[in-house]
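Chain and residue survey
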Amino acid sequence: MPVATEKRKARSGTFIDNLKLPVHRWFRYSAGFSAEWVKSVIEENRATSIFDPFVGSGTTLLAGDSCSIPSEGIESHVFVKRIADAKLSWDFDRKRFADFVSDFLARVENLNDVEDRSDDKLLGKIYDRETLSILERFRLSYLDCELPKEAKEAKLIWLGITSILRPCSHAGTAQWQYVLPNKKKNSSKSPFDAFNAYCDQVVADSFQVLTEGWHKNSSVSLHDARETIVTNREYDLLVTSPPYPNNYDYADATRLEMTFWKEVEGWKDLQSVVRKNLLRSCSQHSAAERLDLNSLLKEDLLSPVIDEIRPVCETLAEVRMTKGGKKTYHTMVAAYFSDLAKIFSNLRPIMAQGSKVCFVIGDSAPYGVHVPADRWLGELAVAAGFKGYSFEKLRDRNIKWDNRVHKVPLHEGNLWIEG
Ligand SMILES: C[S@@+](CC[C@H](N)C(=O)[O-])C[C@H]1O[C@@H](n2cnc3c(N)ncnc32)[C@H](O)[C@@H]1O
């Protein structure tokens, strides 16, 4: 394999390279994967259309635009879907954008008396009073101004405000998922500088993608992949990365941004506003739903892997009783694979015969009990009517479970499924 292809593959699971790429860099989504790698998969497979059931920040769909093929996807996290939708607005009108931005900034300048949010438990800890007051002026100016909020240019202003929230905090916001209020960054940005730099980048990128020959033919819908999926066509390629069964809480991951926009009041709202619509990949979710292991294990959907999954879940049920946190990994694991079994059967009818499906996936070891995600997912895909699967390991990895001292070797790679 050529060295460049090898390198691209090895970095397929990381978003970091996207920070050099036009449009992709408008929002840093650490759960994302590499756009260059998706592009190479499109090219190698001579794909004519591409689908993504877990859109995230839109990497696969934008790679489709960069290769001028139609793309479509779904995302069930209401806030993350909006981020993807804003990035897919890359074919905006530059003159209109400039007008909107100057109206918006004039409003920010003229707005004085705003609510002091420094007593907010999260925001008050991660911003100084002045920065928070400027950001609040940004928020109110955006909400109050007469921009049609469904216009591409308005969505990009919203994305700009959203994308500067972390760089403008002096606290440890870089470690994605958890905000670390007591950790201090070396430097933070001023909201005006950061917003202006974002706008310049958006305009510069819109020229760059034209010279690169991008063609806009992508769309994202707010939809839960566990529900029947209706698409505009049959697809010949699917490239995606689902949440892994590793307790990463996608709802908590946008708590800062959603708190800022007043879409959640705190941690307690995350389950009802966000998490309930997501794949059950974290124990907060399985605990909130008070799931019963025996009922889950009786589900037909799990029958293709029941002989393996039952002992794993039962061991987890026992191990948890020896742990202080008593985390519900036993029901999380069963619910996770039940959800994905459902999703594979929803995907089968929208993928053409002979199509190719790639899931970037990693295994996990909650409480030190190994969960062989790639193999079980392959088996569930075959049970849903796909023709076969193979796993291409790309790297070894270890997850920092907050409560473990285990040495189970873990890996991550591409699960290739034949359509
Ligand atoms: C690993 S991220 C995908 C990142 C994406 N590849 C990118 O580059 O931005 C997985 C995404 O799946 C979404 N998700 C979780 N459960 C879902 C469901 N049931 N239906 C649709 N999307 C879901 C999460 O909100 C998250 O954004």
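Residues numbered from 1 in each chain as written. Predicted model: local features only at pLDDT ≥ 70, side-chain atom pairs only at ≥ 80, totals over all residues. Heavy atoms only, no water.

Domain parsing of the protein yields domain 1 (3–81 + 215–418) and domain 2 (94–211). The straight-line distance from the C-alpha centre of domain 1 to that of domain 2 is 29 Å. Taken together, the contact pairs 20 residues of domain 1 with 31 residues of domain 2. Overall, the association of domain 1 and domain 2 removes approximately 2600 Å² of surface from exposure, summing both partners, and the carbon and sulfur fraction of that is 66%. On the domain 1 side of the contact with domain 2, Trp26, Phe260 and Trp261 bury the most area, a combined 34% of that side's loss. At the surface where domain 1 touches domain 2, the tally comes to three salt bridges. At the surface where domain 1 touches domain 2, the tally comes to nine residue pairs in polar contact (both at pLDDT 80 or more). Here the side of domain 1 that touches domain 2 is built from residues that sort into twelve nonpolar, two polar and six charged. (Domains from an automatic or database assignment. Contact = heavy atoms within 4.5 Å. Buried area = accessible area lost by both parts, 1.4 Å probe. Salt bridge = Lys/Arg side-chain N within 4 Å of Asp/Glu carboxyl O. Polar contact = N/O pair within 3.5 Å; in protein donor to acceptor, adjacent residues only side chain to side chain. Nonpolar A, V, L, I, M, F, W, Y, C, P; charged D, E, K, R; others polar.)

Summarising the element assignment, Ser102 is placed in helix α5 (residues 94–110). For the pair Ser102 and Ser338, spaced 236 residues apart in sequence, the C-alpha separation works out to 50 Å. (Helix = DSSP H or I, 4+ residues; strand = E, 2+ residues; numbered from the N terminus.)

Further remarks concern the pattern of salt bridges. One pass over the structure, following the stated rule, counts 25 salt bridges. Taking the shortest distance from any N to any O, the salt bridge between Lys393 and Asp396 comes out at 2.7 Å. Asp396 sits in the exposed class, given a relative accessible area of 55%. Measuring nitrogen to oxygen at the nearest pair gives 3.6 Å for the salt bridge that ties Glu412 to Arg397. Taken as a pair, Glu412 in strand β9 (residues 410–418) and Arg397 in strand β8 (residues 388–397) lie far apart in primary sequence, 15 residues in all. As far as the burial class goes, Glu412 and Arg397 line up, both buried. (Buried < 20%, exposed > 50% of the residue type's maximum accessible area, 1.4 Å probe, protein only.)

Further remarks concern the site of the ligand. Near the ligand there are 25 residues, and of these Tyr29, Ser57, Thr59, Glu75 and Asp224 occur at the shortest range. Tyr29 is positioned such that a nitrogen or oxygen atom in its side chain is 2.7 Å from an oxygen atom of the ligand. Here Glu75 contributes a side-chain N or O atom positioned 2.6 Å from an oxygen atom of the ligand. For the ligand, whose free accessible area comes to 610 Å², the fraction covered by protein is 99%. Partitioned by chemical class, the residues of the shell around the ligand number twelve nonpolar, ten polar and three charged. (Near = heavy atom within 4 Å. Areas by Shrake-Rupley, 256 points an atom, 1.4 Å probe, with all protein chains shown as cover.)

Residue placement: Asn346 occurs in helix α15 (residues 329–347). Taking relative accessible area as the criterion, Asn346 reaches 8% and is therefore assigned buried. Only 2.9 Å separates the side chain of Asn346 from the backbone oxygen of Ala225, close enough to count as a polar contact. Not counting residues up to four positions away in its chain, the partners in contact with Asn346 are Ala225, Arg226, Glu227, Thr228 and Ile229.

What follows concerns the sheet that holds strand β2 (residues 71–75). Strand order across the open sheet formed by seven strands is β5-β2-β1-β6-β7-β9-β8, with mixed pairing between neighbours. The two strands at the open ends of the sheet, each matched to only one other strand, are β5 (218–222) and β8. Averaged over all pairs of adjacent strands, the angle between strand axes in this sheet comes to 15°, irrespective of strand direction. Sheet analysis places strand β6 (residues 235–240) next to strand β7 (residues 351–362), joined by five bridges and oriented parallel. Each bridged residue has a counterpart across the sheet, and for Tyr235 the counterpart in β7 is Met351. α15 contacts β1 (50–52), β6, β7 and β9 of the sheet and is inclined by roughly 155° relative to β7. (Pairing = 2+ DSSP bridges. Axes fitted to C-alpha atoms, helices over the stretch in contact; angles between N-to-C directions.)

Quick look at a negative patch on the surface now. There is a patch of like negative charges on the surface, built from Glu36, Glu43, Glu44 and Glu212. Secondary-structure assignment places Glu36 in helix α2 (residues 35–44). (Patch = residues over 30% accessible without salt bridge, like charges linked within 9 Å, V, L, I, M, F, W, Y side chains within 5 Å. Lys, Arg positive; Asp, Glu negative; His and termini not counted. Charge placed at Lys NZ, Arg CZ, Asp CG, Glu CD.)

What follows deals with the packing of helix α7 (residues 129–144) against helix α8 (residues 152–164). Between α7 and α8, the least distance of the axes is 11 Å, while the angle of their chain directions is 160°. By the angle class used here, α7 and α8 are roughly antiparallel. Crossing angle aside, the handedness with which α7 passes α8 is left-handed. Together, Leu135, Phe138 and Tyr142 of α7 and Ala154, Ile157, Trp158, Ile161 and Ile164 of α8 make up the contact between the two elements. When grouped by side-chain class, the residues that make up the contact of α7 with α8 number eight nonpolar, no polar and no charged. (Parallel < 35°, antiparallel > 145°, perpendicular 65-115°, else oblique. Left-handed = near helix turned anticlockwise from the far one by under 90°.)

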